[in-house]
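Below are the chains, spelled out letter by letter.
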Amino acid sequence: MGNDHVGRGRSWPWGVGPGVAAAILAIGSACAASEPPRPTMWYWHNWADHDGVSHMTKCPVRDFDLKSMSAPAGPQWQDRLAAGRAQVIFTVQPAHWNGTWHPDPKVQWIIPLRGTWYVTAMDGHRVAMGPGEVSLGEDQLSRKDARGRVGHDAGNVGDGPVELMVIQTDEAPTVDRPCRFR
């Protein structure tokens, strides 16, 4: 059985001829030899437009390469967004914490580790994020509106504390560039 039946005028047990059998083997070999499909991950981007209004946009991360991060470790999908200096900060927001309206202090990645928190942009779009979801805070160039709001409003969802990992970068904030990291 198997490859010895291809091209010798015999049929496979499933009733397919040698041409179909060869095509099946070729497809199977190509699939086994190729790398898995590139993944797509998502993050929420809190960005400011040219009028100084902040927005929340769901953005893809999809420029992945399959390689080892440190040999001899096996390959893993990696998308290196930007090289630069960064500071990692772990925070615990007490139960019922509310950050009121404020811009992010730096361009920063925010990842909830436990609990759920929300961000409301000046355009009214509110996003609640739980463990493992990712947000990029980049509303430093927002401007106070007629109601005195600037940046974003943030707070906890529910009655417990929220644990976050914040990675502050040395990136310069931009305007009108939603999803600038892909």
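Residues numbered from 1 in each chain as written. Predicted model: local features only at pLDDT ≥ 70, side-chain atom pairs only at ≥ 80, totals over all residues. Heavy atoms only, no water.

1. Describing the sheet that holds strand β7 (residues 116–121)
Right, so step 1: Strand order in the open sheet formed by three strands is β8-β7-β10, with antiparallel pairing between adjacent strands. The strands lining the two open edges of the sheet, one partner per strand, are β8 (126–129) and β10 (152–157). Looking at each pair of strands side by side, their axes are set apart by 20° on average, direction ignored.
Right, so step 2: Taken together, the four bridges between β7 and β8 define a ladder with antiparallel strand orientation. (Pairing = 2+ DSSP bridges. Helix = DSSP H or I, 4+ residues; strand = E, 2+ residues; numbered from the N terminus. Axes fitted to C-alpha atoms, helices over the stretch in contact; angles between N-to-C directions.)

2. Some points on the nonpolar core
Right, so step 1: Counting residues in hydrophobic clusters, the biggest one holds 12 residues: Trp44, Met56, Ile110, Trp117, Val119, Ala121, Val127, Met129, Ala154, Val162, Leu164 and Val166.
Right, so step 2: Those elements that place two or more of their residues in this core are β7, β8 and β11 (162–169).
Right, so step 3: Contact partners of valine 127, with chain neighbours within four places excluded, come to Trp44, Met56, Trp117, Tyr118 and Val119. (Core = buried A, V, L, I, M, F, W, Y, C linked by side-chain atoms within 4.5 Å. Buried < 20%, exposed > 50% of the residue type's maximum accessible area, 1.4 Å probe, protein only. Contact = heavy atoms within 4.5 Å.)

3. Re unusual backbone geometry
Right, so step 1: Alanine 71 connects to proline 72 through a cis peptide bond whose omega is 10°.
Right, so step 2: Residue placement: proline 72 occurs in the loop between β3 (65–68) and β4 (75–78).
Right, so step 3: A positive phi angle, near 55°, is found at aspartate 176, a position not held by glycine.
Right, so step 4: Take aspartate 176: its relative accessible area is 37%, and that puts it in the partly exposed class.
Right, so step 5: In this structure, cysteine 179 takes a positive phi of about 60° despite not being glycine.
Right, so step 6: As for its placement among the helices and strands, cysteine 179 is situated in the segment after β11.
Right, so step 7: We classify cysteine 179 as buried; its relative accessible area is 7%.

4. A short note on the sheet that holds β11
Within a sheet, neighbouring strands are paired by backbone hydrogen bonds and run either parallel or antiparallel to one another.
Right, so step 1: Here we have six strands laid out as an open sheet, ordered β2-β1-β9-β6-β11-β5, and mixed in their pairing. Looking along the sheet, the strands with just one partner apiece sit at the ends: β2 (54–61) and β5 (86–93). In this sheet, adjacent strand axes meet at a mean angle of 25° when their direction is disregarded.
Right, so step 2: As paired elements, β5 and β11 share eight bridges and run antiparallel to each other. Residue phenylalanine 90 lies in a different strand from β11, and its bridge partner there is methionine 165.

Function-wise, these values are silent; they only describe arrangement.
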